[in-house]
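Overview (structure and organization)
Each chain is listed here by its residues.
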Amino acid sequence: MKFSIRLLWFMSMVCPFFNGFSQTLEVHQISVGQGDGAIIVVRDTARLGAALDSAGIPRPAARINMFKTAMDSVVDLSGTVTKAMLIDAGKGSKQGQKIYQYAQKIGVSKFQYSVLSHYHDDHYGGFKSLVQTYGMQIDTAYDRGYYNRAKKPTRTARTSYINIFNSNRRKQASCDSTNLLLGTLGGQQIRLTNVANAGYVFGDVHGDAGDPGCGNDENNYSLGWILQYGAFRFFTGGDLNGVNSGQKIDLESYIVDSVRRFDNSVFVEYNNTNDTIPKSHVCGLKLNHHGGKESTNTYFLSRLRPKTVLISCGYDKGYKHPRVEVIRKIDSAATPRWDIGDWKAKLSDPNDTLIRNTVKQYLVTSLMPQSLFGGDATLYNSIGTAGSKGVIGGDLVLIVDDQNIATQSKYLVYWNGWQATTANVVTKAVKACNAAGTKYMQCHRAPTLQYLTNH
């Protein structure tokens, strides 16, 4: 026993990669056409390093680069994943197949958790083939359930999603209590916290979408989540709305106000130690509703202040996602500052209504032709070109650097390297990938870190 301990200590000294407890957190936003599909992975980097060794591939100097090296070299990643979670599964059997094949490619053999953001078929349609045709195991499936007065799912949703899980495996998420633990390293947890469900938000005691006269749009009922690993944070929220119009409710503003109210962390910009970031800050987010015009309002952006935005959308003439006005809103070259004058009543200083646009890069799974995109030809033609903040590349990958994760947020974001003609397996690739899409991000320091948790 003493010899084994000494051997472990010796190996840790002579080989910086020998760390049985090292891990990376990965967010994979998969190209599933007009819909959503994402896989969250916790990967054991000691096993990943061993896989590279077995394949005769030299290890990169930094652990954060190991997965990309393995993918570029087509290394077998079986046995390197410790936890995996699926968020939405696209629209149908073709999307289920794509997710299954992608999961196999990145070493995922089963999902400990799945999440369905809401009962629309472009989010639940792939679950049936994924589970029944391809035999992918999902231990526990979370969805919005029949929360309070939320409307019941359609018959198609029951047939294509609900009925494929037995009552023991399917759970109702709650923004009062649901925290999904994906791993722990050095006291730093990897957890997914539910912050919106069926019109309720984090810390809320009533449901805005569930109240009479507050709308009956299924998008209002979307689940919203914050993924946290030490100082890193990421937001994903299905098709949440950001406007009050007709049947649509501005849940985005409710969510960020609520999160900020209960958040005790202090974040500081890397390049300016005097610039304190709002408590509701996240490093990255998956854009709500595929870049639809009823989502992603400027107040939501100014409170979260993301550095990276992922957009999951496909070629669909009916929806025209992503909308040009939304792209313009997140592109700091087009909009250097967010004007939040309409939200003066919410601000501590109502005179401070112009907030610096913090987005350094946005990545789109697919982009439609210019004839459907909108009238801003200059913005459209800049996306995916050298120097642009926009990248089009099919499947998107974000990998969190686990070094100093308790106080610093750093990560790598890129498209997965498939060629433009094959990057979008289930939708048309109408604009070429940007080969210079890889970017290393420094998001913030966290002199005071408090995990966001349900209370």
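Below or above, wherever it landed, is the structure these notes cover.

Quick notes on the rules
Residues numbered from 1 in each chain as written. Predicted model: local features only at pLDDT ≥ 70, side-chain atom pairs only at ≥ 80, totals over all residues. Heavy atoms only, no water. Core = buried A, V, L, I, M, F, W, Y, C linked by side-chain atoms within 4.5 Å. Buried < 20%, exposed > 50% of the residue type's maximum accessible area, 1.4 Å probe, protein only. Helix = DSSP H or I, 4+ residues; strand = E, 2+ residues; numbered from the N terminus. Contact = heavy atoms within 4.5 Å. Pairing = 2+ DSSP bridges. Axes fitted to C-alpha atoms, helices over the stretch in contact; angles between N-to-C directions. 1 Å grid on protein atoms, 1.4 Å probe; cavity = no way out; pocket = protein on both sides within 12 Å on 5 of 7 lines; lining within 4 Å. Points joined across faces, edges and corners; volume = space filled by probe spheres on them. Nonpolar A, V, L, I, M, F, W, Y, C, P; charged D, E, K, R; others polar.

1. Structural notes on the nonpolar core
A general feature of soluble globular proteins is that nonpolar side chains tend to end up buried together. Grouped together as the largest cluster of nonpolar side chains are 43 residues, with contacts concentrated most on Phe235, Ile311, Ile330 and Tyr362. Of all the secondary structure elements, the ones that give two or more residues to this core are strand 8 (188-197), helix 8 (251-262), helix 9 (298-304), strand 15 (308-311), helix 10 (324-330), strand 18 (361-364), helix 11 (370-373) and helix 12 (377-382). Dropping the residues within four chain positions of it, Ile311 is found in contact with Leu287, His290, Gly291, Pro322, Ile327, Ile330, Tyr362, Leu363, Val364, Thr365 and Leu396. Counting residues in hydrophobic clusters, the runner-up holds 42 residues, among them Val32, Ile64, Ala103 and Leu412.

2. Let's talk about the pairing of strand 12 (residues 266-269)
Along a regular strand, successive side chains alternate from one face of the sheet to the other. The pairing of strand 12 with strand 22 (residues 439-448) spans three bridges and is antiparallel. Bridge pairing in strand 22 links Val268 to Arg445. In terms of strand pairing, strand 12 meets strand 13 (residues 272-277) through three bridges, oriented antiparallel. Note on strand 13: the bridge partner recorded for Val268 is Thr276. In this antiparallel pair of consecutive strands, strand 12 and strand 13, the connection spans two residues.

3. Comments concerning the sheet that holds strand 22
Taking strand neighbours across the sheet as the criterion, the 11 strands line up as 6-5-4-3-2-1-20-21-22-12-13 in an open arrangement whose pairing is mixed. Strands at the two margins of the open sheet, each flanked by one partner only, are strand 6 (170-172) and strand 13. Within the sheet, the average angular offset between the axes of one strand and its neighbour, ignoring direction, is 25°. Pairing analysis gives three bridges linking strand 3 (residues 81-89) to strand 4 (residues 110-115), with the strands arranged parallel. Within strand 4, the position partnered with Ile87 by the bridge is Val115. Helix 2 (residues 45-54) contacts strand 1 (23-29) and strand 2 (37-44) of the sheet and is inclined by roughly 85° relative to strand 2. Across the sheet, helix 4 (residues 93-105) is in contact with strand 1, strand 2, strand 3, strand 4 and strand 20 (396-400); its angle to strand 3 comes to roughly 165°.

4. Here we look at empty space enclosed by the protein
Rolling a probe over the atoms, with the probe sized like a water molecule, indicates the empty space that remains. Tallying each qualifying case throughout the model produces one cavity of 30 Å³ or more. Computed from the structure, the largest cavity encloses a volume of approximately 90 Å³. Around the largest cavity, the lining comprises 14 residues; the ones closest to its centre are Gln29, Ala38, Ile87, Thr236 and Lys286. Of all elements in the fold, only strand 1, strand 2, strand 3 and strand 11 (232-236) reach the threshold of two or more residues within the lining of the largest cavity. Broken down by element, the residue count for the lining of the largest cavity peaks at three residues, all from strand 2. Classifying every residue of the lining of the largest cavity by side-chain character gives seven nonpolar, four polar and three charged.

5. Focus on unusual backbone geometry
Omega for the peptide link from His321 to Pro322 comes to -5°, which places this bond in the cis form. Summarising the element assignment, Pro322 is placed in the loop between strand 15 and helix 10. Positive phi values are uncommon outside glycine, yet Ala198 reaches one of about 55°. Looking at the secondary structure, you find Ala198 in the loop between strand 8 and strand 9 (200-201).

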